[in-house]
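This is what each chain is made of:
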Amino acid sequence: MKHKYLKNVQTLRLSHDKCIGCGKCTEVCPHNVIGIENSKAVITDKNSCMECGACAKNCPVSAIKVDANVGCAAAIIFGWLTGKEPSCDCGSAECC
Ligand code: SF4
Ligand code: SF4
């Protein structure tokens, strides 16, 4: 069963105008959130986005924006364990 995250809270945004349809984002996304239709990227399953940031990092024209780590699983588990606000406590987008 495919894991779903909280509904309609993902920060993923895609600029249809900037996209050149290279498909890099579809190759790196671990949850098949993005597809290609009519030679442009489209978000097909936003609620499955884990906000890892891989798509944005690999997009050659900066057509994708996502606030990486805002909703990451590590942050949520850290919050559960500590009773604090969810935070992965890494201070860097590189650790998750
Ligand atoms: S942030 Fe990660 S999970 Fe979300 S669409 Fe991009 S690559 Fe996929
Ligand atoms: S990586 Fe960027 S340019 Fe390439 S298909 Fe995805 S959004 Fe479009």
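The structure this text deals with has already been given above.
Here goes a summary of the coordinates provided. Source: prediction; values computed, not measured.

Summarising the element assignment, Gly21 is placed in the loop between strand 1 (13-14) and helix 1 (24-28). When its relative accessible area of 25% is taken as the criterion, Gly21 is described as partly exposed. Separated by 16 residues in the primary sequence, Gly21 and Glu37 have C-alpha atoms spaced 8.7 Å apart. Apart from the residues within four sequence positions on either side, Gly21 is in contact with Ser39 and Lys40.

Attention now goes to the site of ligand 2. Close to ligand 2 lie 15 residues; Cys19, Cys22, Gly23, Cys25 and Cys59 are nearest. Among the residues forming the shell around ligand 2, the class breakdown is 12 nonpolar, two polar and one charged.

What counts, and where the lines are drawn
- Residues numbered from 1 in each chain as written.
- Chains lettered and ligands numbered in written order.
- Predicted model: local features only at pLDDT ≥ 70, side-chain atom pairs only at ≥ 80, totals over all residues.
- Heavy atoms only, no water.
- Helix = DSSP H or I, 4+ residues; strand = E, 2+ residues; numbered from the N terminus.
- Buried < 20%, exposed > 50% of the residue type's maximum accessible area, 1.4 Å probe, protein only.
- Contact = heavy atoms within 4.5 Å.
- Near = heavy atom within 4 Å.
- Nonpolar A, V, L, I, M, F, W, Y, C, P; charged D, E, K, R; others polar.

Distances and angles like these do not, on their own, reveal function.
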